[in-house]
Amino acid sequence: MKDIELNGITLEESREYMVNIGEKGFRGEQLFTFFNRNKGLDIQQAKVLPQNLRESLAKSQMITKVDILKRFDSNIDSTKKYLFLLEDKNIIEAVLMEYDHGFSVCISTQVGCRMGCSFCASTKGGLLRNLTPGEMLNQIYLIEKDAKVDISNIVLMGSGEPLDNYDNVLKFLNIIHEPKGHNISYRNITLSTCGVVPRIYDLAKENLPITLSISLHSPFDEYRANIMPIAKAYKIDELMKACRYYEESTGRRMTFEYTLIDGINDRIVDGERLVYLLRKLNAHINLIPLNPIKEYDGNRTHRDGVERFKRYLLSKNINTTIRSEKGSDISASCGQLRRDYLERD
Ligand code: SF4
């Protein structure tokens, strides 16, 4: 772990760092811009800085390096999935997707995950460690350079529970939003959580207009606890209360992710309960057809069933969409790519 990660600090911290080493504060801004606007990787290329400063920064071991290990291109759409190699040889994954509104990237926030959701490949080896802000930023910058695209939307929905790596994720958000850096609007960032209730309150108090997306997956505590251990710690009523607080504090509409599993959470009673739970929220539901992983034997709901569930929610005035499946030919579900790679090699 580095004491300071020069490509994972805020603009203010970058200025402070330069002043602390006897340089002028504006050098910090130049450094920040080099990493976050120019997506610079090799500090020797930061020609705006004096050569002796570049050399001492290069030797400092304070710049986090991430490499693209492998890229998988979908044959059915323009989705690209990336495996990245970290300095400690850990592997993470991210996905680039193209939509009508632009390019979106889904990044990881941890190596593995300790939340234990039974339908998720990311958690099968547990949590190995948190990602640093620099490692999160680098996933985006490396993809943009490799695919020659500019990202307009970011989703924190890859491996890891973002609210379980709270401070680093918050710093990442600050950096990626900074107008002197990449300048991504908070409104174009979605943070997905399995429902770490105390952290939802903390996040609400930060008052960032990002979209908060809750992985709900069942409207019943009992079922939810079967597939998501977090539900044993925080009941749905507590979760809904936190969501209302978030919505009231930030003025942002809540999004709920709902992976449909045949016979488990796609019944009429599930739909009815869902409508009841969301009645006090301006909620949007994203229905996701299950991507089976070999460690979980649930079946996906049939296409007709997904449509029926959607129609029911819409008839009750709940905004509902079915998530379009991107890159389903290249190991689609969260954490599956990394897991397949680790098992093979
Ligand atoms: S779904 Fe998200 S929170 Fe749950 S185990 Fe997977 S990565 Fe972790």
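Scope of this entry: the structure provided in the associated data block. Worth saying up front: this structure is predicted, and the values here are computed from it rather than measured.

Conventions used here
Residues numbered from 1 in each chain as written. Predicted model: local features only at pLDDT ≥ 70, side-chain atom pairs only at ≥ 80, totals over all residues. Heavy atoms only, no water. Near = heavy atom within 4 Å. Nonpolar A, V, L, I, M, F, W, Y, C, P; charged D, E, K, R; others polar. Axes fitted to C-alpha atoms, helices over the stretch in contact; angles between N-to-C directions. Helix = DSSP H or I, 4+ residues; strand = E, 2+ residues; numbered from the N terminus. Left-handed = near helix turned anticlockwise from the far one by under 90°. Contact = heavy atoms within 4.5 Å. Buried < 20%, exposed > 50% of the residue type's maximum accessible area, 1.4 Å probe, protein only. Pairing = 2+ DSSP bridges. Polar contact = N/O pair within 3.5 Å; in protein donor to acceptor, adjacent residues only side chain to side chain.

### Observations concerning the site of the ligand
Okay, so step 1: Every residue close to the ligand is listed here: Cys113, Met115, Gly116, Cys117, Cys120, Ser122, Thr123, Gly160 and Cys194.
Okay, so step 2: When grouped by side-chain class, the residues that make up the shell around the ligand number five nonpolar, four polar and no charged.

### Structural notes on the packing of helix 10 (residues 268–277) against helix 11 (residues 303–315)
Okay, so step 1: Contact pair helix 10 / helix 11: the axes reach a minimum separation of 10 Å and the direction vectors enclose 35 degrees. Every pair of crossing elements has a handedness; the one defined by helix 10 and helix 11 is right-handed. Between helix 10 and helix 11, the contacting residues are Asp270, Gly271, Glu272, Leu274 and Val275 on the first element and Phe309, Tyr312 and Leu313 on the second.
Okay, so step 2: Class assignment of the residues belonging to the contact of helix 10 with helix 11 gives a composition of five nonpolar, one polar and two charged.

### As for the pairing of strand 11 (residues 283–289)
Okay, so step 1: Burial of strand 11 is extensive: seven of the seven residues sit out of reach of the surface.
Okay, so step 2: Burial of strand 11 is two-sided: the residues Ala283, Ile285, Leu287 and Pro289 facing one way and the residues His284, Asn286 and Ile288 facing the other way are all buried.
Okay, so step 3: Relative to strand 11, strand 10 (residues 254–260) is paired through seven bridges, and the arrangement is parallel. Opposite Leu260, over in strand 11, you have Pro289 as the bridge partner.
Okay, so step 4: The sheet contact formed by strand 11 and strand 12 (residues 319–322) spans four bridges and is parallel. Looking at the pairing, Ile285 lines up with Thr320 of strand 12.

### Examining the side chain of His284
Okay, so step 1: Structurally, the position occupied by His284 is in strand 11.
Okay, so step 2: When its relative accessible area of 14% is taken as the criterion, His284 is described as buried.
Okay, so step 3: Reaching out from His284, the side chain makes a polar contact with the side chain of Thr321 at a distance of 2.8 Å.
Okay, so step 4: Apart from residues no more than four positions distant in its own chain, His284 is found in contact with Arg253, Met254, Thr255, Phe256, Asn319 and Thr321.

### What about the environment of Lys81?
Okay, so step 1: Here Lys81 shows up in strand 2 (residues 80–86).
Okay, so step 2: Distance from Lys81 to Phe35, taken between C-alpha atoms, is 23 Å for residues 46 residues apart in sequence.

### Examining the sheet that holds strand 3 (residues 91–99)
Okay, so step 1: Reading across from one edge, 1-2-3-4-7-8-9-10-11-12 is the order of the 10 strands in this open sheet, with mixed pairing throughout. Edge strands, defined here as strands with exactly one partner in the open sheet, are strand 1 (66–73) and strand 12. Ignoring which end each strand starts from, the neighbouring axes of this sheet average 25 degrees apart.
Okay, so step 2: Where strand 2 lies against strand 3, six bridges are found, and the strand directions are antiparallel. Paired with Lys80 across the strands is Leu96, a residue of strand 3.

### As for unusual backbone geometry
Okay, so step 1: Positive phi outside glycine occurs at Asn207, with the angle close to 55 degrees.
Okay, so step 2: Relative to the assigned elements, Asn207 resides in the loop between helix 6 (197–206) and strand 9 (211–215).
Okay, so step 3: Overall, the relative accessible area of 47% leaves Asn207 in the partly exposed class.
Okay, so step 4: Positive phi, normally seen in glycine, also occurs at Asn317, with a value near 65 degrees.

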